[in-house]
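Close look at the chain arrangement
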Amino acid sequence: MPPSASAVDFFQLFVPDNVLKNMVVQTNMYAKKFQERFGSDGAWVEVTLTEMKAFLGYMISTSISHCESVLSIWSGGFYSNRSLALVMSQARFEKILKYFHVVAFRSSQTTHGLYKVQPFLDSLQNSFDSAFRPSQTQVLHEPLIDEDPVFIATCTERELRKRKKRKFSLWVRQCSSTGFIIQIYVHLKEGGGPDGLDALKNKPQLHSMVARSLCRNAAGKNYIIFTGPSITSLTLFEEFEKQGIYCCGLLSVRKSDCTGLPLSMLTNPATPPARGQYQIKMKGNMSLICWYNKGHFRFLTNAYSPVQQGVIIKRKSGEIPCPLAVEAFAAHLSYICRYDDKYSKYFISHKPNKTWQQVFWFAISIAINNAYILYKMSDAYHVKRYSRAQFGERLVRELLGLEDASPTH
């Protein structure tokens, strides 16, 4: 990207004009069909590309201000913003919100519960793949997309009860050196068919399926994938190794699928060993490490030699010896925790009732975070250094047409 690239240029690497134009077409089609069925709406005028960009801008603004309702922009309250409110009237915004669609109608072939957002997720995936080459080490996990803690602390019990639980879980494969989210996988919690929870009653089976789906484009690239206890299993790691994907995962006797692992390594000895001591059992390239540090930690890996030494540095107790696999796992997981702390608070806080819309706004939020990560790696960052919040504000103003796209020197 050139040094003069603006926030919207980075965002449009993932959500280009042709995707936005499709949203315009689908929204207008849905509005027409809706009115044919339920009676005409005299106040409705077909939406344009400029209005669609402004509509997205208003929604994205909730990720920076953390206001619960996007309509606060037009109110006279704390979250009101006169300069943004003048671009579009509240009535017009609410009309677009009422009819907004990414896919207006189900085709006869679709059985997938997310058919209304799947084409958008697919195009987003393609743009993630083409815009970024990830580092060798990656993490599979569920990103932190909890409610804004300030809102939770201030809202009443009645409001909390009214809020429905999410009907899906969101998993990602993430580059552990930059935080760029390489792949998204959305799993509907309520669903029939082979992928639904009805068919996959036991969690390890579900989590293995999620891991396979997230790594389907990773074969043969010698990636090292770090996994948590719910995904780590011997059968999955052996399957990945045949595809040229290497793994390092934390094991839990309670949460992990421990099939095929020696029982002697899964039971704790009567007298605990000294801190930093460990046992190793090997099978081919796979090693099972049981390491002690105020508790027993078990790791399964085929990516690191178990005899290579590493070290965990604790502020109070100094250096604790450990195998290299343990040190690598701790380093990469702590990076993801820092990413969650930094970026999870910039998820769009608008909470629609429809599941496909919730997935759509989460995907848009991830695209903006990815756009910011690319911006920080580009020459444009050296021209004008924006924080994540400032980048979001620039993006909102550029989508609303309030600023020229070139960054100020």
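Shown above is the structure to which this text applies.
As the structure is a computational prediction, the values presented were derived from the model and not from experiment.

Under the criterion given, the structure shown has zero disulfides. Between Cys-247, a free cysteine, and Cys-215, which holds the nearest cysteine sulfur, the sulfur-to-sulfur gap is 7.1 Å. Relative accessible area serves as the criterion here: at 0%, Cys-247 is assigned to the buried category.

What follows deals with the pattern of salt bridges. Applying the stated criterion to the full structure yields six salt bridges. For Arg-92, the salt bridge is made with Glu-51, and the minimal N-O distance between the two is 2.8 Å. Of this pair, Arg-92 sits in helix H5 (residues 90-99) while Glu-51 sits in helix H3 (residues 49-65), placing them 41 residues apart in sequence. Arg-92 gets classed as buried once you look at its relative accessible area, which sits at 13%. Glu-398 serves as the salt-bridge partner of Arg-394, at 3.4 Å between the closest nitrogen and oxygen. In this pair, Arg-394 and Glu-398 are both assigned in helix H15 (residues 388-399), four residues apart and thus about one turn of the helix distant. Taken individually, Arg-394 and Glu-398 each receive the classification buried, so the pair is uniform in this respect.

In this section: unusual backbone geometry. Even without being glycine, Asn-222 reaches a positive phi, approximately 55°. Position of Asn-222 among the secondary structure elements: in the loop between helix H9 (203-214) and strand S4 (224-227). A positive phi angle, near 55°, is found at Lys-294, a position not held by glycine. Tracing the backbone through its elements, the reader meets Lys-294 in the loop between strand S7 (286-292) and strand S8 (296-301).

Definitions and limits used
- Residues numbered from 1 in each chain as written.
- Predicted model: local features only at pLDDT ≥ 70, side-chain atom pairs only at ≥ 80, totals over all residues.
- Heavy atoms only, no water.
- Disulfide = S-S within 2.5 Å.
- Buried < 20%, exposed > 50% of the residue type's maximum accessible area, 1.4 Å probe, protein only.
- Salt bridge = Lys/Arg side-chain N within 4 Å of Asp/Glu carboxyl O.
- Helix = DSSP H or I, 4+ residues; strand = E, 2+ residues; numbered from the N terminus.

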